[in-house]
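Commentary on secondary and tertiary structure
Here is what each chain is made of, one letter per residue.
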Amino acid sequence: MQSERAKYFMSTHFWGPAANWGFVAAGLIDTQKPAEKVSMNMTGVLCVYSALFMRFATQIRPANTLLFACHATNEAVQLYQLQRCYRARLPAPAT
C-alpha cells in the first residue's frame, strides 16, 4: 500500500502546479527582453488566468497550496511585465 506522501506525488495535486511553474520561469526570462517585445494582450490574459486559478486553488478540498503559490508568483511576475509594457508605450514627456 502506498504512503500518503507517495499518493500526493503521483497525483495531479502535485504535478499540475509543478508544471505551471514553467509559466513563472518564462515570465522571469521575459523580464530580460525589451518591454516593446512583450505582448500586453498575452500578459493580461496570464494575469486573469492566474487570478482565477488562485481562487480555484483555495476553493477545492483539500485546498492546493502549491497551486496557489505558483499562481500567486505568476501573478506578481505578469503584473510586473504589464507595468513594464505600459510604461514603454507611454508617450515621452514634453520638454
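So, a few notes on the structure that sits alongside this text. Values in this document were obtained by computation on a predicted structure and should not be read as measured data.

**Some details on the overall build of the chain**
- In terms of helices and strands, the chain carries 4 helices and 0 strands.
- A compact globule built from 95 residues would reach a C-alpha radius of gyration of about 12 Å, whereas the chain, at 17 Å, exceeds it by more than 25%.
- Based on the C-alpha atoms only, the size of the chain along its principal axes is roughly 70 × 25 × 15 Å.
- Looking at the chain as a whole, 26% of its 95 residues qualify as buried.
- A fraction of 77% describes how many contacts in the chain between residues 6 or more apart in sequence connect residues 24 or more apart.
- For the chain, the exposed area adds up to about 6600 Å²; of that, 67% sits on carbon and sulfur atoms.
- In the chain, which carries 9 positive and 4 negative side-chain charges, the distance between the mean positions of the two groups comes to 2 Å.

**Looking at a nonpolar patch on the surface**
- The grouping of Val48, Leu52, Phe53 and Phe56 at the surface amounts to a nonpolar patch, some 380 Å² of accessible area in total.
- Note that Val48 resides in helix α3 (residues 40-59).

How each quantity is defined
Residues numbered from 1 in each chain as written. Predicted model: local features only at pLDDT ≥ 70, side-chain atom pairs only at ≥ 80, totals over all residues. Heavy atoms only, no water. Helix = DSSP H or I, 4+ residues; strand = E, 2+ residues; numbered from the N terminus. Rg over C-alpha atoms; globule rule 2.2 N^0.38 Å. Buried < 20%, exposed > 50% of the residue type's maximum accessible area, 1.4 Å probe, protein only. Contact = heavy atoms within 4.5 Å. Areas by Shrake-Rupley, 256 points an atom, 1.4 Å probe, with all protein chains shown as cover. Lys, Arg positive; Asp, Glu negative; His and termini not counted. Charge placed at Lys NZ, Arg CZ, Asp CG, Glu CD. Patch = residues over 30% accessible without salt bridge, like charges linked within 9 Å, V, L, I, M, F, W, Y side chains within 5 Å. Salt bridge = Lys/Arg side-chain N within 4 Å of Asp/Glu carboxyl O.

The values are spatial; any link to function lies outside them.
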